[in-house]
Amino acid sequence: MIALRKPTYYLWRNDFSSQEEFEAERKKYADIGFRVVTFLDGDSNTNIHDGIKALVKNHWDSV
C-alpha cells in the first residue's frame with residue numbers, strides 16, 4: 001500500500017497586514033490540498049529547512 005501525504009506550505013503571519021488577509025491566503029492553500037504550517041514570527045527569507053532542523057535538534061536535546 002502506498003500512503004500519500006499532503007505537501008506542506010509554510011506561511012509567516014508577520015508577512016500579512018491583517019488577519020483577514022492571512023486567513024484568505026491560508027485557506028487558498030488548504031483548499032487545494034496543502035497542509036499549511038504557520039510561523040508567528042521570524043524572517044520569511046530565512047531557509048525554512050534550517051529552522052526546522054534547529055527546532056527538531058532542540059526538541060531532541062531536551063528529551
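Everything numeric here is computed off the predicted structure, so don't read it as measured data.

Cut-offs and rules
- Residues numbered from 1 in each chain as written.
- Predicted model: local features only at pLDDT ≥ 70, side-chain atom pairs only at ≥ 80, totals over all residues.
- Heavy atoms only, no water.
- Pairing = 2+ DSSP bridges.
- Helix = DSSP H or I, 4+ residues; strand = E, 2+ residues; numbered from the N terminus.
- Right-handed = clockwise from strand over helix to strand, strands pointing away.
- Contact = heavy atoms within 4.5 Å.
- Polar contact = N/O pair within 3.5 Å; in protein donor to acceptor, adjacent residues only side chain to side chain.
- Phe/Tyr/Trp six-rings, centres within 6.5 Å; stacked < 30°, edge-to-face > 60°.
- Buried < 20%, exposed > 50% of the residue type's maximum accessible area, 1.4 Å probe, protein only.
- Salt bridge = Lys/Arg side-chain N within 4 Å of Asp/Glu carboxyl O.

Engineer: Quick rundown of the pairing of strand β1 (residues 8–12)? Include the residues and the values.
Structural biologist: The side chains of a regular strand alternate between the sheet's two faces. The pairing of β1 with strand β2 (residues 35–39) spans 5 bridges and is classified as parallel. Note on β2: the bridge partner recorded for Thr8 is Arg35. Where the polypeptide runs from β1 across helix α1 (residues 19–31) and back to β2, its parallel neighbour, the crossover connection is right-handed.

Engineer: Could you give an account of the environment of Arg13, with specific residues and numbers?
Structural biologist: As for its placement among the helices and strands, Arg13 is situated in the loop between β1 and α1. For the pair Arg13 and Leu40, spaced 27 residues apart in the sequence, the C-alpha separation amounts to 5.0 Å. The contact partners of Arg13, leaving out residues within four places of it in the chain, are Ser18, Gln19, Phe22, Thr38, Phe39 and Leu40. At 3.2 Å, the side chain of Arg13 and the backbone oxygen of Phe16 are in polar contact.

Engineer: Quick one: what's the story with the packing of aromatic side chains, residue by residue and with numbers?
Structural biologist: Taken as a whole, this structure holds 4 aromatic pairs when the rule is applied. Plain terms: the ring middles of Tyr29 and Phe34 are 5.8 Å apart, the flat faces sit at 85° to each other, and that makes the pair edge-to-face. A relative accessible area of 15% places Tyr29 in the buried class. Linked through ring pairs, Tyr9, Tyr29 and Phe34 together constitute an aromatic cluster.

Engineer: Quick rundown of the pattern of salt bridges? Include the residues and the values.
Structural biologist: Enumeration according to the criterion identifies 3 salt bridges in this entry. A salt bridge links Lys28 to Glu25, with the nearest nitrogen and oxygen atoms 3.4 Å apart. Remark: Glu25 and Lys28 occur in helix α1; sequence separation between them is 3 residues, near one turn of the helix.

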